[in-house]
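Geometric and topological summary
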Amino acid sequence: MANSSTQAEVLNRLKNVKGHLAGIERMVEEGQECSNVLIQLSATRAAIEKIGIYILENNAIECLGDVTDNKDDKHKVEQIVKQMISFLK
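Rules behind the numbers
- Residues numbered from 1 in each chain as written.
- Predicted model: local features only at pLDDT ≥ 70, side-chain atom pairs only at ≥ 80, totals over all residues.
- Heavy atoms only, no water.
- Helix = DSSP H or I, 4+ residues; strand = E, 2+ residues; numbered from the N terminus.
- Expected span 1.5 Å × (residues − 1).
- Buried < 20%, exposed > 50% of the residue type's maximum accessible area, 1.4 Å probe, protein only.
- Arc of directions from axis to C-beta.
- Core = buried A, V, L, I, M, F, W, Y, C linked by side-chain atoms within 4.5 Å.
- Contact = heavy atoms within 4.5 Å.
- Salt bridge = Lys/Arg side-chain N within 4 Å of Asp/Glu carboxyl O.
- Patch = residues over 30% accessible without salt bridge, like charges linked within 9 Å, V, L, I, M, F, W, Y side chains within 5 Å.
- Areas by Shrake-Rupley, 256 points an atom, 1.4 Å probe, with all protein chains shown as cover.

1. Thoughts on helix 3 (residues 71-88)
- Along its 18 residues, helix 3 runs 26 Å from first to last C-alpha, staying within 8% of the 26 Å computed at 1.5 Å per residue.
- Among the residues of helix 3, those classed as buried are Val77, Val81 and Ile85. For helix 3, the angular spread of the buried residues around the axis is 70°, confining them to a single face. Facing away from the buried side of helix 3 by over 90 degrees, the exposed positions are Asp72, Lys76, Gln83, Ser86 and Phe87.

Listed below in structure tokens is the structure:
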């Protein structure tokens, strides 16, 4: 990851997921209901998928945006990437 702000955001999100997993671990140790554990696992999986999409979006815009110096072309690249990401969600 070349962009330090993107790297910081990804690390922050990963730390949140790590904390969430620790909470799920406690739930299992305490014998919480399976349905509650599954809900939290689903939320964690969604958070991880969002991190992947965030990385993909930023990397695509950064890499493809470097192909041209034309601002209109860069804007078109950003729009296409955003459409692809929207479709993946």
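2. Topic: the nonpolar core
- One finds Ile53, Ala60, Val77, Val81 and Ile85 forming the largest nonpolar core, which totals five residues.
- If you list the elements that add at least two residues to this core, you get helix 2 (34-65) and helix 3.
- Ranked by the residues each element gives to this core, the list is headed by helix 3, at three residues.
- Apart from residues lying up to four places away in sequence, valine 81 is in contact with Glu57, Ala60, Ile61 and Leu64.

3. Some details on the pattern of salt bridges
- Throughout the structure, instances matching the rule amount to two salt bridges.
- Close ionic contact of glutamate 9 with arginine 13 constitutes a salt bridge, the shortest N to O distance being 2.8 Å. Here glutamate 9 pairs with arginine 13, and both are found in helix 1 (residues 4-29), just four residues apart, close to one helical turn.
- The partner of lysine 82 in a salt bridge is glutamate 57, and the shortest N-O contact between them spans 3.2 Å. Residue lysine 82 is found in helix 3, and its partner glutamate 57 is found in helix 2; the two are separated by 25 residues along the sequence.
- Its relative accessible area of 41% is what places lysine 82 among the partly exposed residues.

4. Let's talk about a nonpolar patch on the surface
- Residues Leu56, Phe87 and Leu88 make up a contiguous nonpolar surface patch of roughly 360 Å² in combined accessible area.
- Structurally, leucine 56 is set in helix 2.
- Owing to a relative accessible area of 43%, leucine 56 belongs among the partly exposed residues under this scheme.

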